[in-house]
Amino acid sequence: MAALGDMSSSGYSFDEIQSIANNILTFTKHRPKVGIICGSGLGGLADQVDDAEVISYDQIPEFPVSTVAGHAGKLVFGYLQGKPVVLMRGRFHYYEGYPMWKVAMPVRVMKAMGVGTLVVTNAAGGVNPEFQTGDLMIIKDHIDLPGLTGECVLIGRNDERFGPRFPATVGTYDEDLRNLAKTISVELGYNSIMREGTYIMIGGPTFETVAESRLLRTFGADAVGMSTVPEAVVAKHGGLRVFGISLITDMVALDYNTTRATTHEEVLAVGQKRAGDLQKIVSNLVARMTV
Ligand SMILES: O=P(O)(O)O[C@H]1O[C@H](CO)[C@@H](O)[C@H]1O
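First things first, this report covers the structure right here in the doc. Please read all numbers here as calculations on a predicted model, not as lab measurements. (Residues numbered from 1 in each chain as written. Predicted model: local features only at pLDDT ≥ 70, side-chain atom pairs only at ≥ 80, totals over all residues. Heavy atoms only, no water.)

## Some words on the packing of aromatic side chains
Line of reasoning, step 1. By the definition in use, this model includes six aromatic pairs.
Line of reasoning, step 2. On the basis of an interplanar angle of 85° and a centroid distance of 5.3 Å, the ring pair of Tyr12 and Trp101 is categorised as edge-to-face. Pair noted here: Tyr12 is in the segment before helix H1 (14–25) and Trp101 is in helix H2 (residues 100–113), with a separation of 89 residues, a long-range link.
Line of reasoning, step 3. Using a relative accessible area of 23% as the deciding quantity, one classes Trp101 as partly exposed.
Line of reasoning, step 4. Pairwise contacts between aromatic rings join Tyr57, Phe63, Phe92 and Tyr98 into one cluster. (Phe/Tyr/Trp six-rings, centres within 6.5 Å; stacked < 30°, edge-to-face > 60°. Helix = DSSP H or I, 4+ residues; strand = E, 2+ residues; numbered from the N terminus. Buried < 20%, exposed > 50% of the residue type's maximum accessible area, 1.4 Å probe, protein only.)

## Overview of unusual backbone geometry
Excluding glycine, most residues fall at negative phi; most peptide bonds, likewise, are trans.
Line of reasoning, step 1. Each neighbour pair has its own omega, and for Gly204 with Pro205 the value is 0°, a cis peptide bond.
Line of reasoning, step 2. For Pro205, the position within the fold is in the loop between strand S7 (194–201) and helix H5 (210–218).
Line of reasoning, step 3. In this model, Gln81 sits at a positive phi of 50°, which is unusual for a non-glycine residue.
Line of reasoning, step 4. With respect to the element layout, Gln81 can be found in the loop between strand S3 (74–80) and strand S4 (83–89).
Line of reasoning, step 5. The exposure class assigned to Gln81 is partly exposed, which follows from its relative accessible area of 44%.
Line of reasoning, step 6. Here Thr228, not a glycine, exhibits a phi torsion of approximately 70°, which is positive.
Line of reasoning, step 7. Take Thr228: it is sitting in the loop between strand S8 (223–225) and helix H6 (229–237).

## Digging into the site of the ligand
Line of reasoning, step 1. Contacts to the ligand come from 13 residues, most closely from Ser40, His93, Tyr95, Ser227 and His264.
Line of reasoning, step 2. Within the contact set of the ligand, an oxygen atom lies 2.7 Å away from a side-chain nitrogen or oxygen of His93.
Line of reasoning, step 3. Ala123 places a main-chain nitrogen or oxygen 2.9 Å from an oxygen atom of the ligand.
Line of reasoning, step 4. Taking 350 Å² as the accessible area of the ligand by itself, protein coverage stands at 96%.
Line of reasoning, step 5. Elements represented by at least two residues in the shell around the ligand include exactly strand S5 (117–126) and helix H7 (264–288).
Line of reasoning, step 6. Classifying every residue of the shell around the ligand gives five nonpolar, seven polar and one charged. (Near = heavy atom within 4 Å. Polar contact = N/O pair within 3.5 Å; in protein donor to acceptor, adjacent residues only side chain to side chain. Areas by Shrake-Rupley, 256 points an atom, 1.4 Å probe, with all protein chains shown as cover. Nonpolar A, V, L, I, M, F, W, Y, C, P; charged D, E, K, R; others polar.)

## Quick notes on the pattern of salt bridges
Line of reasoning, step 1. Per the stated rule, a full pass over the model turns up twelve salt bridges.
Line of reasoning, step 2. Between Arg91 and Glu231 there is a salt bridge, and its shortest N-O distance comes to 2.7 Å. Linking Arg91 in the loop between S4 and H2 with Glu231 in helix H6, this pair joins segments that are 140 residues apart in sequence. The same class applies to Arg91 as to Glu231, namely buried.
Line of reasoning, step 3. For Arg178, the salt bridge identified is with Glu196, shortest N-O distance 2.7 Å. With Arg178 in helix H4 (residues 175–187) and Glu196 in strand S7, the pair connects residues that are 18 residues apart, well separated along the chain.
Line of reasoning, step 4. The buried category is assigned to Arg178, whose relative accessible area is 10%.
Line of reasoning, step 5. By relative accessible area, Glu196 is classed as partly exposed at 28%.
Line of reasoning, step 6. One salt-bridge network, in which partners are shared between bridges, spans Asp15, Asp159 and Arg161. (Salt bridge = Lys/Arg side-chain N within 4 Å of Asp/Glu carboxyl O.)

Following this line, the structure appears as C-alpha cells:
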C-alpha cells in the first residue's frame, strides 16, 4: 500500500483515461480534432459552434465541477468554422483545491477522444508595463512557477503511453500556429492590441502584491494568471500541438502609488467587453489550421 503522501500513483491510469473518453463519446456523434479550453468569461466562443451537442460536467463522473464564476462547467461538441471541435466551457484551477494532475486531466481525455491540437485561452493580468487592458497576447512561452517549485503537473509515476518521463518543454507553443495567428490579427486590423509574450502561472487564488508583481516582471513575465500552464505541459507531453492566447483583463500594480486592486468581477467585466476580439482570432485560426 502507498505510504501517506506517496504521490507515485497520482492521476488516472492510461486505461482509465481511455474509458472516460469512450464514455463521453457515447453522448455525442461528433469526433473532435481540436480542443479549446475557455478562460474566465471567455466561454462565448461556444455560441459559434454549429450542430452543438452539450454535455454537462456532472454527467461525467470523473470530471470535477467548475466552482469559479465565468466557468460554466460544460463540454460543447460540434463544428467551429467547419472543424470538429470540443470546447471546455469551464476549466479547473489548482486553487479550487484540485490536485495539479486533475486540473489538466481533461487534456488527456481530449487526446484520447482524437484531439491533435489544443487551443488554450485565459484572462490574465498585464505585467509588461507596455501592455494595456483589453490587449490580446499570443503565448510564446510560459513560466511554470508551481512546476519550478515542486508542483509540476507531471509529478507521479510516468506511463510512457502518455509521454516521456523527462519531456522537453521548449517549443510548447507551436510556431506555425503563432505565425498564423499573427497574420490573422494583421488582416483583422488588430495590430494595435495584439502582443506576444510570456505567461507566468501563479497558484492563486490571491492576486499579486506589488512586490510579487515586480518579481514576476524581473522573471521575464509579460502576463500572469492562475491556469493554462498545466494544460499546456500535459498537452506537450502527449505530443499535441498547442496554441495559447491571453486577454489582458487588468494591469498588475507595479508601484505603491496605485490604489486600485484587481478583482475577479473586473476580470469578468473586461472579458465580457473584449472577449469578441479573442473569439475572432481563435475562430479564424481554427478555420485556417490543418487538423
Ligand atoms: O485563467 P482563467 O481560467 O482565464 O482565469 C483567470 O481569472 C481568474 C482570476 O480572476 C483566475 O482563475 C485566473 O487564472
